[in-house]
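What follows is the residue order along each chain.
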Amino acid sequence: MAKYDPTKYKFTRPAERIKALNVKAVPQRIFDDMKKYNETSRVFNVYGLEFAGKDGRGGVIVGHRPADAQVAQLYRMSLDADSTGLERLTYFDLGSGRTIQSVVPILGEDWRGTWRAGGALMIMDLIGNENFQLWRYWEDAQSDAPFPKIDGELNNSPGQGRFERVTDDDYTYPRALVSKSNRLLVFASTKENGKDTLIYRTKLIDSNTGAKADSRPFSLPSRRITTKLDKGTTVWLPQSISLDDKKLLITLTKGHSYRPLYVLDISSDEPGTPELIVLPGVTEKVEETAYSFPEWSRDPDKAHILYFITNGYGDFNSVVAYDTVAGTVTHITTPEPNLHALRPISWEATGLLVTPEALLFRANVEGWQKMYAMPLKGTYANQVLDVRLHDWEGSPISYATNARNDKPSELVMRFNSHRMNGFLAYLDLSKEFEKAVRDEQDNLFISVTPKPYRQATPAAPQFKTFEPKLLKFKSFDGLEVPCMYYHPHDRKKVVPVIINIHGGPESQATADTRIPTHGYLVNELGCAVIYPNVRGSTGYGKRYSWMDDVYKREDAVKDIGALLEHIDQNMKNELDSSHLAIMGGSYGGYMVYACLTHFSPKLTCGVANFGISHWPSFLENTADRRRDLRRREYGDESNPDVRAFLERVSPVNNAEKISVPLSIAHGEEDSRVPVGEALRMWDIVSQKVYMELMVCELEGHGMVQAEERDRVRECCEGLLLGEIPAAGCERL
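Quick caveat: nothing in here was measured; it's all calculated off a predicted structure. (Residues numbered from 1 in each chain as written. Predicted model: local features only at pLDDT ≥ 70, side-chain atom pairs only at ≥ 80, totals over all residues. Heavy atoms only, no water.)

(A) Representation of the overall build of the protein chain in the model. Helices and strands together make up the secondary structure of the protein chain, namely 10 helices and 42 strands. Computed over its C-alpha atoms, the radius of gyration of the protein chain comes to 26 Å, within 12% of the 27 Å expected for a compact globule of 732 residues. The C-alpha extent of the protein chain, read off along each of the three principal axes, is 65 × 65 × 55 Å. Total accessible area on the protein chain stands at roughly 28400 Å², and carbon and sulfur atoms take up 48% of it. Within the protein chain, the 99 negative side-chain charges are centred at a point lying 1 Å from the centre of the 89 positive side-chain charges. (Helix = DSSP H or I, 4+ residues; strand = E, 2+ residues; numbered from the N terminus. Rg over C-alpha atoms; globule rule 2.2 N^0.38 Å. Areas by Shrake-Rupley, 256 points an atom, 1.4 Å probe, with all protein chains shown as cover. Lys, Arg positive; Asp, Glu negative; His and termini not counted. Charge placed at Lys NZ, Arg CZ, Asp CG, Glu CD.)

Dropping the structure here:
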């Protein structure tokens, strides 16, 4: 099916970078009321810890959107939690949804024939289309001599840092790693053919590129070290470089639950042959096993040990150690009783961080997190400890270590909470492990108190926040489906309800902080909000995540039908089933479309962002590098039988059944779900019911620019309130 031509539509412009169809004026009151909620999106993120420079200025690289910017900027702050300084590094605003995917600090490089010290490599796209390129960030004060202005260099005035693009093509560079020695850079790229993701290496030191420290643009030379496989799309990703720079851990991504692990010899410049890691005693099929967070040991005396998370021994992802010399496995959290793990945990493990002194990881317990550590030295070596964080309710956390400056016990932690979103704190574990004690269940634990960075703590929300409650219901086939549930009156008053469905589908609604729209819905509209983890979600074992694959696609839609029935039959004293809306983004957008085709008589309206409306066209037009991976989840549209099924269940082919208002927002540069998916729905649904469509320019799969994102939210609230003229949508 041909791609849509957006020029045939008569768009209006409710905002500078939004093209709209049938979007009416939003009452000023909604704009005013949303301000305090939108303000909570100005959070702080950790990108990494720098190498300490010759003046000792190394610090923490932080992401944050200042009040005067449309997108997040980079900052530097001291690791010292008593400091209050926050130095802004970036000032460039390109008028687009540019995304900084990662920042990789380096000691320096000599690509232009002279030593350029410190700074980082950045992976960044410019317009939200995920055409990620490699950029070099540096500050002349750290280098041997200032560099002349380079053609194509970003204007970062008045910042002291400089940005040079070291790749400049139509391909994507999704990941980069730097070795502990700072001698090697390895990265993934589709530059071989635009479709297959292969791995390349280059030197940071003694690079001998032939380039000079002049104004001419520089293109980073590299050698390919993996090859394309014979069948399908190849996706190799680098994971960890050994301490001696001779071996590289790589994964081959074939699907969410099919990701084998390999070791690649990188001691020479010629492409090697990846060696598949086959663990002894695995109980799961190779094509049903995934490896994540793989790391070489950081201890020189145990450099042959690998640590990773895998579901090769059961339904759940567990932490495992593998001795590559002896060929033996040590189970750290695997819950199967016969495997005798150090600390069996019957939930998904995630967030593994390997340092010379300890392993850190988390367990996802029904959407709440627990933190663990396994010291590798000292009294409690090779024993798993609970890490109990003071005044933390189990909402999502992440952490970065100062190991590159030989202080691996120093952590910068990021906390998300219903009370406050995206704040940073300092924690030093160097003396904590020796304080471990045992609880009533004989489990070892430590109690610690991270120290917040005042300069990286957002202002407290100027509105009431609510802690989620766990809600479960039985679906059509008896499957128990968990949800995160928020009620503005502690379930003591009957209120309207909104069902918000996450994307993925390999994702999960957790106890994470919600987007600003959520606070507005609960406080201003007085609505309850339910975030269901329908079948296909992660967090409950891989078999739960498989329950919506291909021909079982609409079983997930039936889960929402069962939730509607549960609300109507069992929650009459707290929820008003006659005032019920549905919303979601990406795969959640598909779920909105599908639910509207099945359950319109039970719904008030729907809000869908960048959703899939026609499965065959989505699979044909999504980025080439993603197509085979998505076929494993959704089905191969090139197979006639599968295609016939996908046509039957595509919302656009059932759109005439939609009888309630629908609002859609979609990024014009979306390379995952092309904007034609939204226009297709417009062509049919707008002929029958009230519908509005917003196409956001220079945005991809999600809205990054504050003005566009906020406008979409405000239009959404207008529809839900029933205050958009001619909406025909009864007030929630």
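From this point on, the discussion continues.
(B) Focus on the state of the cysteines. Inspection of every chain in the model, using the stated rule, returns 0 disulfides. Sulfur of C527: no disulfide; nearest cysteine sulfur belongs to C605 and is 9.5 Å away. (Disulfide = S-S within 2.5 Å.)

(C) Just the packing of aromatic side chains, in detail. Considering all chains together, one arrives at 23 aromatic pairs under this definition. A centroid spacing of 5.0 Å and a plane angle of 80° characterise the contact between W236 and Y262, whose relative ring orientation is edge-to-face. Placement of W236 in strand β17 (residues 236–241) and of Y262 in strand β19 (residues 261–265) is noted, with a sequence separation of 26 residues between them. W236 gets classed as buried once you look at its relative accessible area, which sits at 3%. The exposure class of Y262 is buried, given its relative accessible area of 14%. On the basis of an interplanar angle of 65° and a centroid distance of 5.0 Å, the ring pair of Y551 and F645 is categorised as edge-to-face. With a gap of 94 residues between them, Y551 in the loop between α3 (542–545) and α4 (553–570) and F645 in helix α8 (residues 640–649) connect regions that are remote in the sequence. An aromatic cluster of three or more residues is present, and its members are Y587, Y590, W615, F618 and Y634. Against the face of F445 rests R388, its NZ or CZ located 3.9 Å from the ring centre. (Phe/Tyr/Trp six-rings, centres within 6.5 Å; stacked < 30°, edge-to-face > 60°. Buried < 20%, exposed > 50% of the residue type's maximum accessible area, 1.4 Å probe, protein only. Lys NZ or Arg CZ within 6 Å of the ring centre and 35° of its normal.)

(D) Region of the structure containing the sheet that holds strand β20 (residues 275–276). Pairing in this open sheet of 4 strands is antiparallel, and the strands run β17-β18-β19-β20 from one edge to the other. Every interior strand has two partners, whereas the edge strands, β17 and β20, have only one. Relative to strand β18 (residues 247–252), β17 runs antiparallel, the two sharing 5 bridges. Bridge pairing in β18 places L237 opposite T251. (Pairing = 2+ DSSP bridges.)

(E) Focus on unusual backbone geometry. Of the consecutive residues S157 and P158, the connecting peptide bond is found in the cis state with omega at 5°. Residue placement: P158 occurs in the loop between β11 (133–138) and β12 (162–165). The omega torsion across G504 and P505 is 0°, close enough to zero to call that bond cis. For P505, the location among the structural elements is in the loop between β37 (495–501) and α2 (516–523). With phi around 65°, E130 is a residue other than glycine that occupies positive phi space. Mapped onto the elements, E130 comes out in the loop between β10 (120–125) and β11. Backbone geometry places S586, a non-glycine residue, at a positive phi of 65°. Relative to the assigned elements, S586 resides in the loop between β39 (575–585) and α5 (587–599). On the basis of relative accessible area, S586 is assigned to the buried category, the value being 15%.

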